[in-house]
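# Working through the structure, step by step
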Amino acid sequence: MKKINIAIDGLSATGKGETTKYLAKQLNYKLLDSGAMYRGVTWDLKRKNIIPEDVTEIDLASIHIEFGENGHLYVNGKDVEHNIRTEVISKLTPQYAKEKIIRYYINKELKELVKERGYIAEGRDIANNIMPDAEIKLFLVGDSEIRAKRRQEQLKKKGILENVETIRIDLESRDHADMNRDVAPLVKHREAIEIDTTQISMDEQNEFILSIIQKYLGK
Ligand code: C5P
């Protein structure tokens, strides 16, 4: 069966990651978590005390990012999956992701990866910049209070207790930074199907999106 490419963009904590993993498994497609790459670069630069405005090509050339067979992100051979998922890195990443030099570096890596078809890629600028020819483009949104509650539950499972209001403020400020940056801001592609995740469960979201893809594939 002919393979297509699927681009999933949207706001923070709309379940893009979970849906992408689910779809990749169901369809036997490769997944690409572009946010993990921005997080990995942020983690490494922060550790070296390099602030976003000071990043140079030399700094970036020394950062080698790749995904392992286990789906984890590796930075210079180190599995950083846990390091990049902290709230500190979540907050900091948009500050680095707004820098042209960093976006250019990650875009080059991403475009190299998605040359073939059979990818489900998720992020903020996938449809607009990485895979403008993706056959299916989705844009996920949702009420910030509900998204914050879901994120709170996820954190609770990891043993992290966080105030829902603090999470909501963080999510909104992250979205604001991503939507208002000068380079490649988060904007819905004109061909993208917008999906409001507010009233639906994770399972319903997964099934609904899978059904859109299967319809396209003629299944
Ligand atoms: O999706 P995730 O929450 O892991 O993304 C972390 C951050 O990385 C986003 O808030 C955004 O600043 C940045 N990002 C981006 N472009 C992408 C993916 C992520 O700017 N394609």
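To be clear, the structure that these remarks concern was listed above.
So, a few notes on the structure that sits alongside this text. Because the structure is predicted, anything quoted here is derived from the model rather than measured. Along each chain, residue indices are assigned from 1 in the same order as the chain's sequence is written. Confidence filtering applies because this is a predicted model: local features only for residues at pLDDT of at least 70, side-chain atom pairs given and counted only at 80 or more, and all residues used for totals across whole chains, interfaces and linings. No hydrogens and no water enter the side-chain calculation; it runs on all heavy atoms of the structure.

## Considerations on the side chain of Arg124
- Along the polypeptide, Arg124 turns up in the loop between strand 6 (119-123) and helix 6 (126-130).
- Reaching out from Arg124, the side chain makes a polar contact with the side chain of Ser12 at a distance of 3.3 Å.
- Contacts are residue-level and defined by heavy atoms, with any inter-residue pair within 4.5 Å sufficient. Among all residues touching Arg124, those that are not within four sequence positions of it are Asp9, Gly10, Ser12, Lys16, Arg174, Asp178, Arg181 and Leu186. A run of H or I in DSSP becomes a helix once it reaches four residues, and a run of E becomes a strand once it reaches two; helices and strands are each numbered from the N terminus. Under this definition, polar contacts are N or O atom pairs within 3.5 Å; protein pairs additionally need one hydrogen-donor-capable and one acceptor-capable atom, and for neighbouring residues in sequence, both atoms have to be side-chain atoms.

## Quick word on the nonpolar core
- What we call a nonpolar core is a set of buried Ala, Val, Leu, Ile, Met, Phe, Trp, Tyr and Cys residues that are connected through their side-chain atoms within 4.5 Å. Throughout, exposure labels follow a simple rule: accessible area from a 1.4 Å probe, protein chains only, divided by the maximum for the residue type, with under 20% read as buried, over 50% as exposed, and the rest as partly exposed. Counting 32 residues, the largest nonpolar core has Val41, Leu45, Ile63, Ile65, Ile102, Ile106 and Met131 as the members making the most contacts within it.
- Listed by contribution, the elements that provide at least two residues to this core are helix 2 (34-47), strand 4 (73-75), helix 4 (87-97), helix 5 (100-113), strand 6 and helix 6.
- For this core, the leading source of residues is helix 2, giving 6 residues.
- Other than its neighbours up to four places away in sequence, Ile63 contacts Val41, Asp44, Leu45, Lys48, Val75, Asn76 and Tyr105.
- Formed by 17 residues, the second largest nonpolar core is a distinct cluster that contains Leu27, Leu138, Ile213 and Leu217.

## Re the sheet that holds strand 7 (residues 136-141)
- Paired strands, as defined in this entry, are two strands with at least two bridges between them according to DSSP. Taken in spatial order, the 5 strands of this open sheet run 2-6-1-7-8, and their pairing is parallel. Edge positions in the sheet fall to strand 2 (30-33) and strand 8 (193-196), since each has one partner strand and no second. For this sheet, the mean inter-axis angle between neighbouring strands, taken without regard to orientation, is 20°.
- Note: strand 2 against strand 6, 4 bridges, orientation parallel. Looking at the pairing, Leu32 lines up with Ala121 of strand 6.
- Of the strands in this sheet, strand 1 (6-10), strand 7 and strand 8 are in contact with helix 9 (residues 202-217), which crosses strand 7 at around 160°. For helices, the fitted line uses only the C-alpha atoms of the stretch in contact; every axis is such a line through C-alpha atoms, and the angle between N-to-C directions lies from 0 to 180 degrees.

## A closer look at the packing of helix 7 (residues 144-157) against helix 8 (residues 164-180)
- Where helix 7 contacts helix 8, the two axes come as close as 8 Å, and the packing angle between them is 115°. Remark: the crossing between helix 7 and helix 8 carries right-handed chirality. Along the contact surface, helix 7 presents Ser144, Glu145, Arg147, Ala148, Lys149, Arg151, Gln152 and Leu155, while helix 8 presents Val164, Ile167, Arg168, Leu171, Glu172, Arg174 and Asp175.
- Three residue categories are used. Nonpolar comprises Ala, Val, Leu, Ile, Met, Phe, Trp, Tyr, Cys and Pro, charged comprises Asp, Glu, Lys and Arg, and polar comprises the others, including Gly. For the contact of helix 7 with helix 8, the class distribution of residues is 5 nonpolar, 2 polar and 8 charged. Here is the rule for handedness: rotate from the far helix to the near one, and if that takes an anticlockwise turn smaller than a right angle the crossing is left-handed, while a clockwise turn gives right-handed.

## Some details on the pairing of strand 1
- Of all 5 residues making up strand 1, 5 are buried, and the element is well covered by its neighbours.
- Here strand 1 shows a buried face lined by Ile6, Ile8 and Gly10 and a second buried face lined by Ala7 and Asp9.
- As defined by bridge partners, strand 1 adjoins strand 6 across 4 bridges and the pair is classed as parallel. What sits directly across from Asp9, in strand 6, is Gly123.
- By the bridge criterion, 5 bridges tie strand 1 to strand 7 in an arrangement that is parallel. Residue pairing across strands places Ile8 opposite Leu138, the latter belonging to strand 7.

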